[in-house]
Amino acid sequence: MSQWTDVDLLNDLARLLVKHGPDAFESLSVRLRDGSLVDQLVVVVDSFAQAGRRSNRITRTGRAPRPGAGIGKLVQEYEVDNPEKAALLSRVYEALMRKALLPSLGEIRHFVEDNGLSRISADSRDKAVLPFVRSVAAWPTDRIISLLDEVSDFQPSGERTLEGWAGVILKDREKR
């Protein structure tokens, strides 16, 4: 059990103290000390743990998920069997977060529609990024590579970026 999980559990106990009052905790303490409740409590706690594992639900820690928290799990799924795809998915995610790739929600939706990916119903671009990467993860590696190559703003430098086009225009003016 991690330190943060211990703190979260203590925080939850403090809330229960407020809800049920100190008398309930004193009574529970007495029953735990004399052993009359220990065996029953162990069975209940073990049952909760097993039920939680079987439910496949994400456990709530009381903290908001970090942006990109789901991408780590997605990349981990591919790292063992296909490390190249894992690296490419990370690059796609990073490019999306920098807005070097599909910088608006509208562009993400058009790309999804044009490429037959699962519809993204997110109401903001940030919320659309992870579902987009999950959809792209189903593609073969070579198609992901071509996605990165085709998207004009993905390259950090070169003639296909805004900076590159500005350079081309300026060179053309210098020739005149």
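The rules we used
Residue numbers restart at each chain and count upward from 1, following the sequence in its written direction. Side-chain atom pairs in this predicted model are given and counted only at pLDDT of 80 or more, local residue features only at pLDDT of at least 70, and totals for whole chains, interfaces and linings cover all residues. Side-chain measures here rest on the full set of heavy atoms in the structure, leaving out hydrogens and waters. Paired rings are identified among Phe, Tyr and Trp, the last through its six-membered ring, by centres lying within 6.5 Å, and are further divided according to the angle between planes into stacked (under 30 degrees), edge-to-face (over 60) and tilted (the rest). Numbered from the N terminus, helices here are DSSP runs of H or I no shorter than four residues, and strands are runs of E no shorter than two. Note on classification: 1.4 Å probe, protein chains only; a residue is buried when its accessible area is under 20% of the maximum for its type, exposed when over 50%, partly exposed between these limits.

*Asks:* Help me understand the packing of aromatic side chains in this model?
*Replies:* Pairs of aromatic rings are described using the distance from one ring centre to the other and the angle between the two planes. The full count for this structure, using the stated rule, is 2 aromatic pairs. Relative to Phe132, the ring of Phe111 has its centre 5.6 Å away and its plane inclined at 65 degrees; by these criteria the two rings are edge-to-face. Of this pair, Phe111 sits in helix α6 (residues 105-114) while Phe132 sits in helix α7 (residues 125-137), placing them 21 residues apart in sequence. On the basis of relative accessibility, which here comes to 0%, the residue Phe132 falls in the buried class. For the pair Phe111 and Trp139, a centre-to-centre distance of 6.2 Å together with 45 degrees between the ring planes defines the contact as tilted. With Phe111 in helix α6 and Trp139 in the loop between α7 and α8 (141-150), the pair connects residues that are 28 residues apart, well separated along the chain. A single burial state applies to Phe111 and to Trp139, both of which are buried. Within the aromatic cluster, the residues linked to one another by ring pairs are Phe111, Phe132 and Trp139.

*Asks:* How should unusual backbone geometry be read in this particular structure?
*Replies:* Leaving glycine aside, a negative phi is the common case for residues, and trans is the common case for peptide bonds. Its identity as a non-glycine residue notwithstanding, Lys99 has a phi of 65 degrees, on the positive side. Along the chain, the position of Lys99 falls in the loop between α5 (83-97) and α6. Even without a glycine there, the phi angle at Leu102 is positive, about 45 degrees. Mapped onto the fold, Leu102 is located in the loop between α5 and α6. Look at Leu102 and you get buried, because its relative accessible area is 8%.

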